[in-house]
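Coordinate analysis (summary)
Listed here are the chains, written in short residue letters.
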Amino acid sequence: MNSRLLHDLKTLLGSESVLHRPEELMLYEYDGSVEKGRPDCVVFPRSTAEVAGIVELARKHQVPLVGRGAGTGLSGGAIARHGGIITSFARMNCVLEIDADNQIARVQPGVVNSDLSAAVAHLGLHFAPDPSSQKACTIGGNVSENSGGPHTLAYGVTTNHVLGLEVVLPTGEVLHVGNSALDSTGYDLTGVFVGSEGTFGLVTEITVKLTRLPEDVKTLLAIFDTVDDATESVAEITARGITPAACEMLDGWTIRAVEDYIHAGFPLDCAAILLIDVDGLREVTEAEAAEVADVCRVHQAREVRVARDARERDLLWKGRKNAFGAAGRVSPSYYTQDGVIPRTKLPATLRRIGEIGRKYNLQIGNVFHAGDGNLHPIILFDERNEQQFRDTVAAADEIIAFCIQAGGSITGEHGVGMEKDRLMPLLFSETDLNLMQRVRGIFNPDNLLNPGKIFPNAKGCGEIYVRPARNRNGADAVRTP
Amino acid sequence: MTLATISVASRLAEITGASNVTSDPAQLVAYGIDGKVPAAAVKPGSRDEISEIVKFAAAEHLAIVPCGARSKLAMGAPPSRYDVALDVTRLDHIVAYDPSDLTLSVEPGIPLQRLAGVLAGHRQFLPLAVPFLSRATAGGTVAAGVHSPLRQAYGTARDFLLGVEFVTGEGVQAKSGGLVVKNVAGYDLHKLTIGSLGTLGIITKINFRTFPAPASTRVFAASSDSADGVLDMRRRIAQSPLRPLTANMLSPGSVEMLASGPAARIEPGPTPVDGLPKSQWAFLATFAGAGAVLVRYESELRRIADEAGCGSCTIYGDDEKPASFGRLREFVPIALESSPATTIIKLSVVRSKLKDILEGIEHAARANELRWAAMADGLGVIYAALLPSARDEQARVRVAKASERINGACAQLGGNVTIPFCPSEWKSTLKIWGPERGDFEQIRKLKKVFDPADVLAPGRFAGGI
């Protein structure tokens, strides 16, 4: 890379805060997917001022700049697709302020999601968005991707919990949007910055809402002999006016893979399980748990178990959150998709996924946020088998095409990034995409910040097909949603 | 009628048919904003017609103000130019509603009350109990960014708006979001339309997430000699496991105002407010559930009221609920009826500063000999009504001084302040959009992207937009 730029970066940050040797950069070539792109260097700022300095240097040298949290993303959002500088927020990981009275926290972007919840648990509070990678992923990354998680069904996704941001724009300007008080005057800039996948600015400080922990949580495990019975139960829970805190479904194949790994107590011979949390006042959870159990029994559940204590609850959830890691144990590679459908289309969609699997002779497991229709089909393949690799991509495309046809979306929580940029025209017209890019241009006029993301045919981008996300040696159990 | 007026109207008639255009001054008065009346009003019947109208206006350098039922046109600054009122009330259909998916897609002109009736048939609802409810449309509610007391539990439209289709100032049809409850494809441009007063685009379709209607609801009311008691109740509830649907604190002036004649005209029926001591602060909360849940809420709220030193605790059942709740919801319209020169100041502060800001409001009003009423919610949002007895220069000076003082107090507390409603002729001297923020330069750039020729509601919004 440009040695002058490297020198300038070292002068700005100290040489211990700049990585540039090939063997150092290898770790930063990928994220939770195996999209790849090698940065020219990785820098570790400690303050907003240092971030602004980095931006200034990137501009001066006209080098792309990409923000990065823990690198757990699943759409290539934190990958330097066109090289340049990766700005890692690993050292900006302080909780700056906890205001229990107002249920607000001010954090740096590198704070790990579950660390914030742990830091406020003694106050009876938590940070509600809970991606399955929450033990590793950062709040800055959550803001960029507008991350979800199982409990967003009742609590909302990241954008519903962000009050304000400090952002360093690619123009070098430090911008404050929103604030701790609600309803800041003007257009909702905070609302468009959250989920902009790191293409508007580098977020250097985040003001978030903290949510009171419920008095009681009941976790139910409902076991079904057919997938349709499980999905119909989900529909009826909604019809009865219950909004569970979480409502997750695993299909039979996934259950067996998980059970072999985690021993969560899932039966090996069933077709599907629902894992449902109801929370709130004890009186609420008692009534709702009884009603949910009734719905499941009406829909032929073989058995409905209620976790007796926190240990049982944690074990059931451990089974769910490690489903992807379990897939990694039984297959050389796997590709996790992230599609959304109206939840009434669940039975048809699952049948279609089964057909697609048979058509390509691929094993596809299903784990998903059933309550909000957010699917995560896991396609198993062996990357050494070229044909199977191509079939996997084709199968994934067919699944997403079906989601769109059903009135859904190409991504519910993983983001578009470099994985799905080419699919955006299936959802949005050229006019829509044009307007979005012009909005990006306000903040990121030269597209130096995170280029080659979200929009198709990004300049200088030669890829026709993106590669599917694969696991590496099954080691990324906590990286998945 | 000038030649220009005739040609604008005739061109609009070519687009929508003559029966959907008026240039009759008598009818146009109803579209007036702060004394400015457009040359024509047009009621398009489709998104394509809206595009054509906007393209025509852009080419002719005409200014359009979009509107629904016109209940909130008095919000915002007067338009700097105003040639055409674009009335979307013909676009009033439900495009899609799937109760099992909790998703709803509507055209902007649909009245919220009609929509509520349809949703109620499926035991669902939209938590948009907004002011002017008897007239409000879905589009106007989003564009005006008004919120409801239910915000305590459900958030604002921002939290359940799934997607929007709109026509930009260039007449371009665009959209963002979708019709599923979870979606991160593309930028959330739809959030920008909330509270934009039609300055970025004309909304043509709105997608919402719907919610199961709560079972039985109850209203809890209590009183206290001072703001301290009701604020202490708020704090204790926030620290408890209770999750009320609404939580509001009323100043003595508010209690009196909401129990008055004008209030009864706007929202009739017996209400808990009638039964509250007039000279005291009041705390009102709505809670919902069945059987044991209601019992628990009732006993906990009574205990909390006791600990906070609040008295006159009363619980009202479902029968009284709509009216009581409705009076809170209609705080703004009731206040507008309660003085010839009502000025509504909307403030937000972090919750722990509620006491300071309420004191600031009281001091500012008293120092300027103004009658006042304030309603705060449990999230730190306050509506303060200054209620002068006349609409004259003396009143203007008093209101200006009081609002300056309130602005100062709010700024010191790190809050936000705007003046959504005041007499038209005072708008030029009151800071209705509050102080300039550091991000206003960015919002002006956004306006340029969406509406480069300044066709849509010019001059109405913050930052001179």
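Being a predicted model, the structure only gives us computed values, none of them experimental.

The next point concerns the overall build of chain B. Looking only at helices and strands, chain B features 18 helices and 19 strands. Relative to its full complement of 465 residues, chain B shows a buried share of 60%. In chain B, of all internal contacts separated by at least 6 residues, the share reaching a separation of at least 24 is 72%.

This part is about the overall build of chain A. A tally of helices and strands in chain A yields 16 helices and 19 strands. Over its C-alpha atoms chain A spans a radius of gyration of 22 Å, differing by no more than 12% from the 23 Å that the globule rule assigns to 481 residues. Referenced to the eigenvectors of the C-alpha coordinate spread, the extents of chain A come out at roughly 70 × 60 × 40 Å. Here chain A, with 481 residues, has 61% of them falling under the buried criterion. If you take every contact in chain A between residues at least 6 apart in sequence, the share linking residues at least 24 apart comes to 73%.

Our next topic: the interface of chain A and chain B. Accessible area lost on assembly of the parts is the figure often given for the size of an interface. Contacts between the two partners involve 66 residues from chain A, matched on the other side by 65 residues from chain B. Broken down by element, the side of chain A that touches chain B gets its largest block of residues, seven residues, from helix H16 (residues 430–443) of chain A. Taken together, the residues that form the side of chain A that touches chain B break down as 26 nonpolar, 29 polar and 11 charged.

Let us look at the packing of helix H13 (residues 346–360) of chain A against helix H14 (residues 386–405) of chain A. All names here are of chain A. Where H13 meets H14, the axes come as close as 10 Å, and the angle between the chain directions of the two elements is 160 degrees. Here H13 lies roughly antiparallel to H14, going by the angle between them. Relative to H14, H13 is oriented so that their crossing is right-handed. Packed against H13, whose contacting residues are Thr-349, Arg-352, Ile-353, Ile-356, Gly-357 and Tyr-360, the element H14 presents Asp-391, Ala-394, Ala-395, Glu-398, Ile-399 and Phe-402 at the interface. Among the residues forming the contact of H13 with H14, the class breakdown is seven nonpolar, two polar and three charged.

What follows is about the environment of B:Pro333. Residue and element names in this part refer to chain B. With respect to the helices and strands, Pro-333 occurs in helix H15 (residues 331–337). Separated by 53 residues in sequence, Pro-333 and Leu-386 have C-alpha atoms that sit 13 Å apart. Contact partners of Pro-333, with chain neighbours within four places excluded, come to Pro-131, Phe-132 and Ile-266.

This part is about the domain arrangement of chain B. All names here are of chain B. Examined at the domain level, chain B breaks down into domain 1 (3–87), domain 2 (94–212), domain 3 (216–331) and domain 4 (339–426). On a C-alpha basis, the centroid separation for the pair domain 2 and domain 3 is 28 Å. Across the boundary between the two partners, domain 2 contributes nine residues, which contact 11 residues of domain 3. A breakdown of the residues in the side of domain 2 that touches domain 3 according to their chemical character gives seven nonpolar, two polar and no charged.

Contact pair helix H10 (residues 282–298) of chain A / helix H13 (residues 292–307) of chain B: the axes reach a minimum separation of 8 Å and the direction vectors enclose 175 degrees. Considered as vectors, H10(A) and H13(B) are oriented roughly antiparallel to each other. Of H13(B), the residues touching H10(A) (which contributes A:Glu283, A:Val284 and A:Ala287) are B:Ala292, B:Val293 and B:Arg296. A class-by-class count of the residues in the contact of H10(A) with H13(B) yields four nonpolar, no polar and two charged.

Residues and elements named next belong to chain B. Burial along strand S4 (residues 84–87) is two-sided: Val-84 and Leu-86 facing one way and Ala-85 and Asp-87 facing the other are all buried. Taken together, the three bridges between strand S2 (residues 40–42) and S4 define a ladder with parallel strand orientation. Of the residues in S4, the one forming a bridge with Ala-41 is Ala-85. Pairing of strand S3 (residues 64–67) with S4 involves four bridges; the strand directions are parallel. Bridge pairing in S4 places Cys-67 opposite Asp-87.

All names here are of chain A. According to the domain assignment, chain A contains domain 1 (3–90), domain 2 (95–212) and domain 3 (216–321). The distance between the C-alpha centroids of domain 2 and domain 3 comes to 30 Å. Counting from both sides, the interface comprises five residues of domain 2 and, opposite them, seven residues of domain 3. Residues of the side of domain 2 that touches domain 3, tallied by class, amount to three nonpolar, two polar and no charged.

Residues spaced three or four apart along an α-helix face the same direction, because each turn holds 3.6 residues. All names here are of chain A. Those residues of helix H4 (residues 113–120) lying buried are Asn-113, Leu-116 and Val-120. Viewed along the axis of H4, the buried residues span an arc of 65 degrees, placing them on a single side of the element. Each element contacted by the buried residues of H4 is listed here: strand S5 (95–99), strand S6 (104–107), strand S7 (125–126) and helix H5 (139–145).

This part takes up the nonpolar core. Membership of the largest hydrophobic core comes to 299 residues, with the highest contact counts inside it found for A:Ala222, A:Ile273, A:Leu274, B:Leu86 and B:Ala384. Element by element, the count of residues in this core is highest for strand S18 (residues 381–387) of chain B, at seven residues. Discounting chain neighbours no more than four positions away, the residues touching B:Leu86 are B:Val42, B:Pro44, B:Ile50, B:Ile53, B:Ile64, B:Val65, B:Pro66, B:Cys67 and B:Ile202.

Strand-to-strand pairing in sheets goes through backbone hydrogen bonds, with the strands running parallel or antiparallel. Residue and element names in this part refer to chain A. Taken in spatial order, the four strands make up an open sheet running S1-S2-S4-S3, and their pairing is mixed. Only two strands of the sheet have a single neighbouring strand rather than two, namely strand S1 (18–19) and strand S3 (65–68). Both S1 and strand S2 (residues 41–43) contribute to a ladder of two bridges, which runs antiparallel. Note on S2: the bridge partner recorded for Val-18 is Val-43. Sitting on the sheet, helix H3 (residues 48–61) touches S2, S3 and strand S4 (85–88), and the angle it makes with S4 is about 175 degrees.

The terminal C-alpha atoms of H16(A), which comprises 14 residues, lie 21 Å apart, in line with the 20 Å expected from a rise of 1.5 Å per residue. Looking only at H16(A), the buried set comprises A:Asp432, A:Leu435, A:Met436, A:Val439, A:Arg440, A:Ile442 and A:Phe443. Looking down the long axis of H16(A), one finds its buried residues gathered within 150 degrees of arc, a one-sided arrangement. Each element contacted by the buried residues of H16(A) is listed here: helix H7 (189–193) of chain A together with strand S8 (161–168), strand S9 (173–177) and helix H18 (440–450) of chain B.

Moving on: the sheet that holds S5(A). All names here are of chain A. The strand order S5-S6-S10-S8-S9 describes an open sheet built from five strands, whose pairing is antiparallel. Strands at the two margins of the open sheet, each flanked by one partner only, are S5 and strand S9 (174–178). When the angles between neighbouring strand axes are averaged without regard to direction, this sheet yields 10 degrees. Two strands pair when backbone bridges link them, and strand S8 (residues 162–168) and S9 are joined in this way by five bridges, in the antiparallel orientation. Bridged to Val-168 within S9 is Val-174.

Time to look at unusual backbone geometry. All names here are of chain B. The residue Asp-34 is not glycine, and still its phi comes out positive at about 50 degrees. For Ser-312, which is not a glycine, the phi torsion comes out positive at approximately 45 degrees. Checked against the element boundaries, Ser-312 lands in strand S15 (residues 311–316). Its 14 C-beta neighbours within 10 Å are what place Ser-312 among the partly exposed residues.

Here we take up the pairing of S18(B). Residues and elements named next belong to chain B. Most of S18 sits out of view: seven of its seven residues are buried. Residue alternation in S18 divides its side chains into two sets, Val-381, Tyr-383, Ala-385 and Leu-387 and Ile-382, Ala-384 and Leu-386, and both sets are buried. Here strand S16 (residues 343–348) pairs with S18 via six bridges, running antiparallel. Bridging across to S18, Ile-345 finds its partner in Ala-384. The pairing of strand S17 (residues 371–377) with S18 spans six bridges and is classified as antiparallel. Opposite Ala-376, over in S18, you have Ile-382 as the bridge partner.

Relative to the elements of secondary structure, B:Leu112 occurs in helix H4 (residues 112–120). Contacts of B:Leu112, omitting those with residues within four sequence positions, involve B:Leu128, B:Leu133, B:Ala136, B:Thr137, B:Ala138 and B:Thr141.

Take the confidence of the model for chain B next. Taken as a whole, chain B shows an average pLDDT of 95; of its residues, 98% reach a score of 70 or greater. Interface confidence for the predicted complex, expressed as ipTM, amounts to 0.96; the pTM equals 0.95.

What follows concerns the environment of B:Val293. Residue position: B:Val293 is located in helix H13. Using a count of 21 C-beta atoms within 10 Å as the deciding quantity, one classes B:Val293 as buried. Residues within four places of B:Val293 in sequence aside, it is in contact with A:Leu281, A:Glu283, A:Val284 and A:Ala287.

Scoring rules and cut-offs
- Residues numbered from 1 in each chain as written.
- Chains lettered and ligands numbered in written order.
- Predicted model: local features only at pLDDT ≥ 70, side-chain atom pairs only at ≥ 80, totals over all residues.
- Helix = DSSP H or I, 4+ residues; strand = E, 2+ residues; numbered from the N terminus.
- Buried ≥ 20, exposed ≤ 12 C-beta atoms within 10 Å, placed from the backbone.
- Contact = placed C-beta atoms within 7 Å.
- Rg over C-alpha atoms; globule rule 2.2 N^0.38 Å.
- Nonpolar A, V, L, I, M, F, W, Y, C, P; charged D, E, K, R; others polar.
- Axes fitted to C-alpha atoms, helices over the stretch in contact; angles between N-to-C directions.
- Parallel < 35°, antiparallel > 145°, perpendicular 65-115°, else oblique.
- Left-handed = near helix turned anticlockwise from the far one by under 90°.
- Domains from an automatic or database assignment.
- Pairing = 2+ DSSP bridges.
- Arc of directions from axis to C-beta.
- Core = buried A, V, L, I, M, F, W, Y, C linked by C-beta atoms within 7 Å.
- Expected span 1.5 Å × (residues − 1).
- pLDDT = per-residue confidence, 0-100.

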